[in-house]
Amino acid sequence: MSSAILVVGGGFAGLTAAIEAAELGHDVYIVEKAPFLGGRVAQLNKYFPKLCPPSCGLEIQFQRIRNNPRIKFFTLAEVTGLKGGKGNYTAEITLQPRHTAPHAVDLGFFASGLTGETTSDFEFGLATRKALYKSTPFAFPSRYVLDTKTLSPEDRAKVVTNKFLDLNETEKKIELQVGAIVVATGWQPYDAERLSNLGAGNVKNCITNMQFERIASPYGPTKGRITRLSDGVAPKRVAFVQCAGSRDQNHLNYCSYVCCMASIKQCQYVIEALPDAHCDVFYIDLRTPGRYVKVLDKARASGNVSFIKGKVANVQQIEGDRVRIQAEDAVRGEKLTLDYDMVVLATGMRPSLATQATPLPLPLDEEGFIAGGEEAGIFAAGCALMPLDVTRTAQTGTAAALKAVQVVEGR
């Protein structure tokens, strides 16, 4: 029987589960496939309920990890094998090379001199990054990562002379003995390019809600300025299209829970930065549970936000890099044709396991959410379980940690 716990995923749910279990006296291993911890929360401009920047909440979590010797974390890592059973698992972990020194060296100046660039997944394709990079200034661990595939020949000549970089570092495998597992593999934004009628991928200034978060972020591609990507002009009219791919039998059959609140929050971004701008929100139903209704009331009272109950049928490009929407107003029984400077699609949350294979013995429902596994000592947390906001994500992380602790303590 092992008293250690494995946490798969280093987003908010995984971090919460790891910290709670470690503070109850158990060794915890976090395995995260990305180069940095923080998950989707790190990509937000602000998050509920306090509308604080991600560095606020995440820095608290990172500090607790730094101060707790029971927590070990592995980035650029994945679980590639699992043997044993409840109370006595052997997990094979494959570690991809980081190619940088194991301590926090400031390589920013060196990175700026490299010429090779590639599309940034962290910025959802809105910007490029260098081969040597950190995702944000508050990234944890505070170590650069080197993407050797993006190096130009000139870059390689520079890299080989830098004592803090190692092109010869190779993939490694390790084994961890654990008694229970918490799976917090998170979510992926639904592929908006499948929504061809809504303009994703072929209409300028038609972006997704997560892309808009990056635009609003001071660390994003526009340094926090709300502007159109096509020409850098501040939009005067912005449309938010709800349920873009959600509650649709052809795409995601469920409500993603957070999309309404995310769009209302993003309306606040717009009107705070651009007081003369106006936002229209096209919705099927508005979901603002509990205290969040106050955020909806604030948006309505602003005079800068209108809510139109009705589905958007079509989004197309028109002159001047503007975007035309054809929709219905279900309350008035009218068909609408309206023009905007920018359109934001509220795409849904798809569980990562819906598209990614895992060696973990996990039953998934038809949508890819975890639907069991507790009898094997494996517990789901966060958006691997269901669509959740950050507060409820943390709650499920705590619950999963307590269940895992009970397993390793033989209760």
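No experiment lies behind these values; they were computed from the predicted model shown.

**Q** Now, about the overall build of the protein: what can you tell me, with residues and values included?
**A** Helix and strand counts for the protein stand at 8 helices and 22 strands. The C-alpha radius of gyration of the protein comes to 22 Å, within 12% of the 22 Å expected for a compact globule of 411 residues. Dimensions along the principal axes, computed over C-alpha positions, put the protein at roughly 65 × 55 × 35 Å. Put simply, the protein has 411 residues, and 55% of those count as buried. Residue pairs at least 24 apart in sequence account for 68% of intrachain contacts in the protein once pairs closer than 6 positions are excluded. Carbon and sulfur atoms form 50% of the exposed surface of the protein, whose accessible area is close to 18,100 Å². Of the charged side chains in the protein, 46 are positive and 42 negative; the average position of the first set lies 3 Å away from that of the second.

**Q** Describe the nonpolar core, naming the residues involved and giving the relevant values.
**A** Ranked by internal contacts, the top residues of the largest apolar core, which has 44 residues, are Ile 5, Ile 30, Leu 58, Ile 65 and Val 182. At the level of secondary structure, the elements contributing two or more residues to this core comprise strand E1 (5–8), helix H1 (12–23), strand E2 (28–31), helix H2 (54–66), strand E11 (180–183) and helix H8 (390–408). Excluding its chain neighbours within four sequence positions, the residues that come into contact with Ile 5 are Ala 21, His 26, Asp 27, Val 28, Tyr 29, Val 178, Ala 180, Val 182, Ala 404, Val 405 and Val 408. With 28 residues, the next largest nonpolar core counts Leu 126, Ile 264, Ala 299 and Met 342 among its residues.

**Q** Requested: an account of helix H7 (residues 293–302), with residues and values cited.
**A** Working note: α-helix, 3.6 residues per turn, so residues spaced by three or four point in the same direction. For H7, the full list of buried residues reads Val 295, Leu 296 and Ala 299. Down the axis of H7, the buried side of the element spans an arc of 100 degrees, and every buried residue falls inside it. Within H7, the exposed residues directed more than 90 degrees away from the buried face are Lys 294, Lys 298 and Ala 301.

**Q** How would you sum up the pattern of salt bridges? Please name residues and give values.
**A** One pass over the structure, following the stated rule, counts 16 salt bridges. The partner of Arg 70 in a salt bridge is Asp 27, with the nearest N and O atoms 2.9 Å apart. Of this pair, Arg 70 sits in the loop between H2 and strand E3 (71–74) while Asp 27 is found in the loop between H1 and E2, placing the two residues 43 residues apart along the sequence. With a relative accessible area of 32%, Asp 27 lands in the partly exposed category. Residue Arg 129 is joined to Asp 147 by a salt bridge in which the shortest nitrogen-to-oxygen separation is 3.1 Å. Placement of Arg 129 in strand E7 (residues 128–130) and of Asp 147 in the loop between strand E9 (145–146) and helix H4 (153–159) is noted, with a sequence separation of 18 residues between them. Each of the two residues, Arg 129 as well as Asp 147, counts as buried. If you follow the salt bridges from partner to partner, you end up with Arg 228, Asp 231, Arg 322 and Asp 341 in one network.

**Q** An account of the sheet that holds E3 is needed here, citing residue identities and associated values.
**A** The 5 strands are arranged E3-E2-E1-E11-E22 in an open sheet whose pairing can be described as parallel. The two strands at the open ends of the sheet, each matched to only one other strand, are E3 and strand E22 (378–380). Each strand axis lies, on average, 20 degrees off the axis of its neighbour in the sheet, ignoring direction. Examined bridge by bridge, E1 and E11 share 4 bridges and lie parallel to one another. Looking at E11, one finds that Val 8 is bridged to Val 183.

**Q** How would you explain H8 if you had to name every residue and give the values?
**A** An ideal rise of 1.5 Å per residue puts 27 Å on 19 residues; H8 measures up with 27 Å between its terminal C-alpha atoms. Against E1, H1, E11 and E22 lie the buried residues of H8. Looking one or two places after H8, you find Gly 410, whose phi comes out positive at around 75 degrees.

**Q** Tell me what's going on with the sheet that holds strand E10 (residues 172–178), and back it up with residues and numbers.
**A** Spatial strand order, E4-E5-E10: 3 strands in an open sheet with antiparallel pairing. Edge strands, defined here as strands with exactly one partner in the open sheet, are strand E4 (77–85) and E10. The sheet shows a mean angle of 20 degrees between the axes of neighbouring strands, taken without regard to direction. Two elements, strand E5 (residues 88–95) and E10, share 7 bridges in a ladder whose sense is antiparallel. The partner of Ile 93 across the bridge, within E10, is Ile 174.

**Q** Can you explain the pairing of strand E14 (residues 237–244)? Please cite residues and give values.
**A** Burial within E14 is extensive, with 7 of its 8 residues counted as buried. Note: E14 against strand E15 (residues 278–283), 5 bridges, orientation parallel. Within E15, the residue paired with Val 241 across the bridge is Phe 282. Remark: the E14/helix H6 (residues 259–273)/E15 crossover connection has right-handed handedness.

**Q** An account of the environment of Ile 325 is needed here, citing residue identities and associated values.
**A** With respect to the element layout, Ile 325 can be found in strand E18 (residues 322–329). Sequence-wise, Ile 325 and Lys 158 are 167 residues apart; in three dimensions their C-alpha atoms are separated by 50 Å.

Rules behind the numbers
- For every chain, the first residue of the written sequence is number 1, and numbering continues from 1 onward in sequence order.
- At least 70 in pLDDT is required for a residue's local features to be given in this predicted model, at least 80 for side-chain atom pairs to be given and counted, and no such filter applies to totals for whole chains, interfaces and linings, which use all residues.
- Excluding hydrogens and water, the side-chain figures rest on all heavy atoms present in the structure.
- Numbering of helices and strands starts at the N terminus; helices are DSSP runs of H or I of at least 4 residues and strands are runs of E of at least 2.
- All radius of gyration figures rest on C-alpha atoms, and the globule criterion is 2.2 Å times the number of residues raised to 0.38.
- Accessibility here uses a 1.4 Å probe with only protein chains present; expressed as a share of the type maximum, an area under 20% marks a residue as buried, one over 50% as exposed, and anything in between as partly exposed.
- In what follows, a contact means two residues having at least one pair of non-hydrogen atoms within 4.5 Å.
- Accessibility throughout is a Shrake-Rupley quantity obtained with a 1.4 Å probe, and a residue counts as covered only by protein chains that appear here.
- Positive charges come from Lys and Arg alone, negative charges from Asp and Glu alone, with His and the N- and C-terminal ends not counted.
- The atoms used to mark charge sites are NZ of Lys, CZ of Arg, CG of Asp and CD of Glu.
- The definition of a nonpolar core used throughout is a set of buried Ala, Val, Leu, Ile, Met, Phe, Trp, Tyr and Cys residues joined through side-chain atoms within 4.5 Å.
- This arc is taken over the directions from the axis of the helix to the C-beta atoms.
- The rule for a salt bridge is simple: a side-chain nitrogen of Lys or Arg has to be within 4 Å of a carboxyl oxygen of Asp or Glu.
- For two strands to count as paired, DSSP must find a minimum of two bridges between them.
- Angular values range over 0 to 180 degrees, each being the angle between N-to-C directions of two axes fitted as lines to C-alpha atoms, with helices fitted over their stretch in contact.
- Any helix carries an expected span of 1.5 Å times its number of residues minus one.
- Whether a crossover is right-handed depends on one test, that the path from the first strand over the helix to the second runs clockwise when the strands point away from the viewer.

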